[in-house]
Amino acid sequence: MKYLFRYFTLITLSTIIILSCMQVAKNGIGKVTSTDYYHVEDVVTLSKQDGKAGAVVFGKDYTDKGLAVREEHLERLGAFNYFTVVGKGISNFVSYITEKGMKIFEKIPSLIDELR
């Protein structure tokens, strides 16, 4: 458990450092060239709508409203439902194979006794 906490902390810290460095690099490129190639104001910003805060990463809105719009778009495309059905099918297949494998392993000792 202690190692899990260390790795989680390390990954979180690395992500924060990487995003901060990307912001610094973007600002540096903007100062040197006096242009905005990326057309994104900031790498990471926090937006507040109706008293709820949310992150905007690379100009993509991850607030409740932004996520609701994306979910609605995926439902219209049918992609969300398709991937859900495929995931359930794979899960059922793996469960079935595991169950049959366990039954075979349970029968091995009785088969060995019959051969003796």
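Nothing here was measured: the structure is a model prediction, and the numbers come from that model.

Caption draft 1: Fine view of the overall build of the protein chain. Looking only at helices and strands, one finds three helices and three strands in the protein chain. Its helices and strands in sequence order give the protein chain the pattern α-β-β-β-α-α, from N to C terminus. The burial tally for the protein chain puts 7% of its 116 residues in the buried class. Intrachain contacts of the protein chain at a sequence separation of at least 6 include 7% that bridge at least 24 residues. If you sum the accessible surface of the protein chain, you get close to 10300 Å²; carbon and sulfur atoms cover 66% of it.

Caption draft 2: Representation of the pattern of salt bridges in the model. Here the structure, examined in full by the defined rule, presents one salt bridge. Across the pair K103 and E99 runs a salt bridge, and its minimum N-O distance is 3.9 Å. Of this pair, K103 and E99 are both found in helix α3 (residues 79-115), four residues apart, which corresponds to roughly one turn of the helix. Residue K103 is classed as partly exposed on the basis of its relative accessible area of 40%. Its relative accessible area of 45% is what places E99 among the partly exposed residues.

Caption draft 3: Main features of the confidence of the model for the protein chain. Residue-level pLDDT values for the protein chain average 77, and 64% of them are 70 or greater. α3 holds the highest mean pLDDT among the elements of the protein chain, 85, whereas strand β3 (residues 60-61) holds the lowest, 62.

Caption draft 4: Structural view of a nonpolar patch on the surface. A cluster of nonpolar side chains, namely Y82, F83, V86, I90, F93, V94, Y96 and I97, defines an oily patch on the protein surface of about 860 Å² accessible area. Along the chain, the position of I90 falls in helix α3.

Rules used in this analysis
Residues numbered from 1 in each chain as written. Predicted model: local features only at pLDDT ≥ 70, side-chain atom pairs only at ≥ 80, totals over all residues. Heavy atoms only, no water. Helix = DSSP H or I, 4+ residues; strand = E, 2+ residues; numbered from the N terminus. Buried < 20%, exposed > 50% of the residue type's maximum accessible area, 1.4 Å probe, protein only. Contact = heavy atoms within 4.5 Å. Areas by Shrake-Rupley, 256 points an atom, 1.4 Å probe, with all protein chains shown as cover. Salt bridge = Lys/Arg side-chain N within 4 Å of Asp/Glu carboxyl O. pLDDT = per-residue confidence, 0-100. Patch = residues over 30% accessible without salt bridge, like charges linked within 9 Å, V, L, I, M, F, W, Y side chains within 5 Å.

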